[in-house]
Amino acid sequence: MKVLIVDDEQSVHDQLEQMIPWSELGWSIVGHAYNGEEAKRIVMESNPHFTITDIKMPLTDGLGFMEWLKSSQYRSKVLVLSGYGDFEYLRPAFLLDAIDYLLKPIQQAELLTVLSKIVEQIQNEGVALKEEINEKAILHKGIVLMQDQFMSEVIDGTLQEENEMIVRAEQLLLQLPEAGYYAVVIKLTDLDEYVNRRYERDREVLYYAFRNVLNECMVGWGVQANVFRNLYKTNEFLILVSVSEKSEAWLEKTLHRLSKSIWDTMQVKVKFGVSQYKSRITFMEKAYREAVRAIEGLRLGDDGAIAYYEQSLQSITESKGLSEWRKVGEMLEMLVHTGSLRDGIALLSKLDGLVQDGTLMQMSGLEMKQAINLIVSKIEQTSVGDNELASMLETVKSSVNELKVEQVKQQMKKLIEYLLNSYATDPKEKSGKQLIGAILQYTNTNYRTVTLEEISSEFYINKNYFCTLFKNENGVSYLEYLTKVRIDHAKRLLVNSDLKTYEIAAMVGYADQRYFSQVFRKYTGMKPTDYRKTT
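Residues numbered from 1 in each chain as written. Predicted model: local features only at pLDDT ≥ 70, side-chain atom pairs only at ≥ 80, totals over all residues. Heavy atoms only, no water.

(A) Examining the overall build of the protein more closely. Broken down by element type, the protein carries 25 helices and 10 strands. A burial count over the protein gives 47% of its 535 residues as buried. Taken as a whole, the protein presents about 27200 Å² of accessible surface, with 49% of it coming from carbon and sulfur. (Helix = DSSP H or I, 4+ residues; strand = E, 2+ residues; numbered from the N terminus. Buried < 20%, exposed > 50% of the residue type's maximum accessible area, 1.4 Å probe, protein only. Areas by Shrake-Rupley, 256 points an atom, 1.4 Å probe, with all protein chains shown as cover.)

Here it is as structure tokens:
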């Protein structure tokens, strides 16, 4: 358990640290504060189970700190230190939920007695809280949970009939928007580490606290809104904000204010997606999907950002990052299909570079979905019958669908390591036909600019070994084949177009017209101009 010591005298900190064998008792001191303001900061950072605080301190005193603590979501038990025996002086501390008090100088036996009382109380409260939450989760009872289930069905498209929506909402004491509204999706990003550290792996406690923050803000600011958790997705909430007419400026101001409140109270990273203005409850499914699409248009590193559906409609051109992911997909497809891959370490290194925060976080959520799904689809097409791989691919698709960046990074690395261990073999053991087939297809598409070095790099195969393998499979060298492809394209252009010879030369990969003419004559027995006249 974690303890915080708050006192403006260094001697008190030293005494408390030396008086008790904290680690042997299962405690750890997570911070030393010398006034109430420092104490607040440490509480928000470390969320201690127990705080020992003096009352008289500069800046914010002990009572001011305790008043702040009582109004916050933090639940640290407080032991008060005082140099005075007057209960009337200590009485305000007990009104602020102090568990006990000790007079200075501190006696070890008294402190140990208080510590044992606190341990028992914390354990009892923890068990009671978990039992309460587990009971709600298991029995699926409670009006809030049923309202969440209702709205999850609506936005999923399971429930679409307007009269049924109205009847179900009335049964659940739920007032749906009567006029216009916006759907606002709030996505909590990459929570696992945060949940483990602060809520001891209990995600339901986090959801409960987060919903309270949303509801308290909406009610406190006089905003007419319904707050729901999407039960079909993890870490996602939906707010239906009722407004009589379009008011995007007011909504944006409200959401910025909400974002600040979420961070100030919970230190949780979120993203907001806002739908277009809607006038009927039957549009709630569409509004939800618009809000999700807006979030997907944000860069992965844009925590705290607010995105609007209209802005997300801009088409996404293929970025350099996306094209690099495409190359990884082609390499993996070849690996599964042929077992051929010269350098698995290089492939892992390439993936590591793509998932570095500086690179990945510049992509939008939609780009990441396109990139990962592209890789997954290529592997699926060539891995029929591998149940373990199929299960891994489904896990990846689930994580990318919910934009769980950290999970996607870990799962992709695990996936590639599995492919390398399960499919990679020595290329010399293969006939090479499938590998050469893939290279022929690549060459026919990129014949204008392709080089041996490019083939070696793109297919991760040794250049000299490739040249030998290609000639054995095709009876000609790779350069002879490439030249034939280029000349065949030149023939078609000479016959079917009015392009100049130098223009055709450039189009099929020859910057020098004279050299092109020499090569063309060698392969056809005539000059390009004569070939055009003859045919």
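Structure's up, so let's keep going.
(B) Broad picture of the nonpolar core. In this structure, Phe150, Met151, Met284 and Ile372 are the most contacted members of the largest nonpolar core, which totals 50 residues. Ranked by residues supplied to this core, first place goes to helix 18 (residues 405-423) with 8 residues. Leave out the neighbours within four places in its chain, and Ile372 touches Trp325, Val396, Val400, Val408 and Met412. Membership of the second largest hydrophobic core comes to 30 residues, among which are Phe237, Leu258, Met266 and Val268. (Core = buried A, V, L, I, M, F, W, Y, C linked by side-chain atoms within 4.5 Å. Contact = heavy atoms within 4.5 Å.)

(C) Spatial organisation of the environment of Ser82. Mapped onto the elements of the fold, Ser82 is located in strand 4 (residues 77-82). The class of Ser82 is buried, set by a relative accessible area of 2%.

(D) How the structure looks around the sheet that holds strand 2 (residues 28-33). Strand order in this open sheet of 5 strands is 2-1-3-4-5, and the pairing throughout is parallel. The open sheet terminates on both sides in strands that have one partner only, identified here as strand 2 and strand 5 (100-103). This sheet shows a mean twist of 20° between the axes of neighbouring strands, independent of strand direction. Pairing of strand 4 with strand 5, which is carried by 4 bridges, proceeds in the parallel orientation. Note on strand 5: the bridge partner recorded for Ser82 is Leu103. Seen against the sheet, helix 1 (residues 10-19) touches strand 1 (2-6), strand 2, strand 3 (50-54) and strand 4 and runs at an angle of roughly 175° to strand 2. Set on the sheet, helix 2 (residues 36-46) makes contact with strand 1 and strand 2; between it and strand 2 the angle comes to about 150°. (Pairing = 2+ DSSP bridges. Axes fitted to C-alpha atoms, helices over the stretch in contact; angles between N-to-C directions.)

(E) Highlighting helix 22 (residues 478-496). Helix length check: helix 22, at 19 residues, gives a terminal C-alpha distance of 27 Å against a target of 27 Å (1.5 Å per residue), a fit within 8%. Turning to helix 22, its buried residues are Tyr478, Tyr481, Leu482, Thr483, Val485, Arg486, Ile487, Ala490 and Leu494. (Expected span 1.5 Å × (residues − 1).)

(F) Summary view of the packing of helix 6 (residues 143-156) against helix 7 (residues 162-171). For the pair helix 6 and helix 7, the least separation of the axes is 10 Å and the interaxial angle reads 165°. On the basis of the axis angle, helix 6 is roughly antiparallel to helix 7. Crossing handedness for the pair helix 6 and helix 7: left-handed. Along its contact with helix 6, which presents Phe150, Glu153 and Val154, the element helix 7 presents Met165, Arg168 and Ala169. Each residue belonging to the contact of helix 6 with helix 7 can be placed in one class, and the counts come to 4 nonpolar, no polar and 2 charged. (Parallel < 35°, antiparallel > 145°, perpendicular 65-115°, else oblique. Left-handed = near helix turned anticlockwise from the far one by under 90°. Nonpolar A, V, L, I, M, F, W, Y, C, P; charged D, E, K, R; others polar.)

(G) Broad picture of the pattern of salt bridges. According to the stated counting rule, one finds 13 salt bridges in the structure shown. In this structure, Glu153 engages Arg168 in a salt bridge whose closest nitrogen and oxygen atoms are separated by 3.3 Å. Linking Glu153 in helix 6 with Arg168 in helix 7, this pair joins segments that are 15 residues apart in sequence. Note that Glu296 is salt-bridged to Lys369, the shortest N-O span being 2.3 Å. Taken together, the positions of Glu296 in helix 11 (residues 284-296) and Lys369 in helix 16 (residues 365-382) put the pair 73 residues apart, joining distant regions of the chain. What makes Glu296 buried here is its relative accessible area of 10%. A relative accessible area of 11% places Lys369 in the buried class. (Salt bridge = Lys/Arg side-chain N within 4 Å of Asp/Glu carboxyl O.)

(H) Structural context of a nonpolar patch on the surface. On the surface, Ile143, Val144, Met146 and Leu173 cluster together into a nonpolar patch covering about 370 Å² of accessible area. Within the secondary structure layout, Leu173 lies in the loop between helix 7 and strand 6 (180-188). The exposure class assigned to Leu173 is exposed, which follows from its relative accessible area of 73%. (Patch = residues over 30% accessible without salt bridge, like charges linked within 9 Å, V, L, I, M, F, W, Y side chains within 5 Å.)

(I) Molecular detail of the pairing of strand 8 (residues 236-243). For strand 8, a buried count of 8 out of 8 residues is recorded, marking the element as mostly surrounded by other parts of the structure. Covered by surrounding structure in strand 8 are Glu236, Leu238, Leu240 and Ser242 together with Phe237, Ile239, Val241 and Val243, the residues of both alternating faces. Sheet topology note: the strand 7 (residues 225-229)/strand 8 ladder contains 5 bridges and is antiparallel. Each residue of the ladder has a partner; that of Phe228, found in strand 8, is Leu238.

(J) Focus on the packing of helix 22 against helix 24 (residues 513-524). Between helix 22 and helix 24, whose axes approach to 10 Å, the crossing angle comes to 95°. Put simply, helix 22 runs roughly perpendicular to helix 24. In this structure, helix 22 uses Glu480, Thr483, Ile487, Ala490, Lys491 and Leu494 to contact helix 24, whose residues at the interface are Phe516, Val519, Phe520, Tyr523 and Thr524. By residue class, the composition of the contact of helix 22 with helix 24 is 7 nonpolar, 2 polar and 2 charged.

(K) Inspection of helix 24 at higher detail. The first and last C-alpha atoms of helix 24 sit 16 Å apart over 12 residues, in line with the 16 Å expected at 1.5 Å per residue. Looking at helix 24, one finds that the buried residues are Phe516, Val519 and Phe520. Buried residues of helix 24, viewed axially, fall in a sector of 100°; they line one side. Turned more than 90 degrees away from the buried face of helix 24, the exposed residues are Arg514 and Lys522. Looking at the buried residues of helix 24, the elements they touch are helix 22, helix 23 (501-507) and helix 25 (528-534). (Arc of directions from axis to C-beta.)

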